[in-house]
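The chain contents come next:
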Amino acid sequence: MIYFTQQPIDVPTVLESVASAEAGAVVLFLGTVRATSQGKTVAYLEYECYPEMAQRILEQLAIEAQACWNLKGCCIVHRIGRVPVGQLSVAIACSAPHRAEAFQATQWLIDQLKFQVPIWKKECFTDGTYRWVSGPGPELLTSSPSGESG
């Protein structure tokens, strides 16, 4: 299950979507909006995306992760629009026969999402200023499914 929403992310639904009797582990990553960034107080974040392209890329990443780590379930949900401080902006859940696979796949997916997926984040501060934030460069990514860096 991969989708974008303007509503708060429903964590129980995310977890239910990856449930499997064949999975001995479920790893859930939740990205939340922090109250401060680089010494400034955050009022909220705004996310924009190119939905058709973002959906295709996320689906391909999920297929790669499922094949590489033998996942039994994979779910990626990302908020779009205004997200208040303290709320979830992204949820990724992976289920696998063993915990190492689920942890590795989840970390790889969030890293790839930030690097590859056309989602843009604007930090809006309480003083009325804002700044656009880019994702990590390739040097910050965890290993790829093939085991190579980047």
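Being a predicted model, the structure only gives us computed values, none of them experimental.

Q: Can you walk me through the environment of Leu109 in this structure?
A: Of note, Leu109 is situated in helix α3 (residues 99-116). When the C-alpha atoms of Leu109 and Ile92 are compared, they prove to be 7.8 Å apart, with 17 residues separating the residues in sequence. Excluding its chain neighbours within four sequence positions, the residues that come into contact with Leu109 are Leu61, Ala62, Ala65, Cys74, Ile76, Ile92 and Cys94.

Q: Got a minute to help me understand the pattern of salt bridges in this structure?
A: For the structure shown, the criterion picks out five salt bridges. For the salt bridge of Lys40 with Asp127, the shortest nitrogen-to-oxygen distance reads 3.3 Å. Of this pair, Lys40 sits in strand β4 (residues 40-49) while Asp127 sits in the loop between β8 (119-125) and β9 (130-133); the two residues are 87 residues apart in sequence, bridging distant segments of the chain. We classify Lys40 as partly exposed; its relative accessible area is 29%. Each of Glu46, Arg82 and Lys122 takes part in one network of salt bridges that share partners.

Rules and cut-offs
Residues numbered from 1 in each chain as written. Predicted model: local features only at pLDDT ≥ 70, side-chain atom pairs only at ≥ 80, totals over all residues. Heavy atoms only, no water. Helix = DSSP H or I, 4+ residues; strand = E, 2+ residues; numbered from the N terminus. Contact = heavy atoms within 4.5 Å. Salt bridge = Lys/Arg side-chain N within 4 Å of Asp/Glu carboxyl O. Buried < 20%, exposed > 50% of the residue type's maximum accessible area, 1.4 Å probe, protein only.

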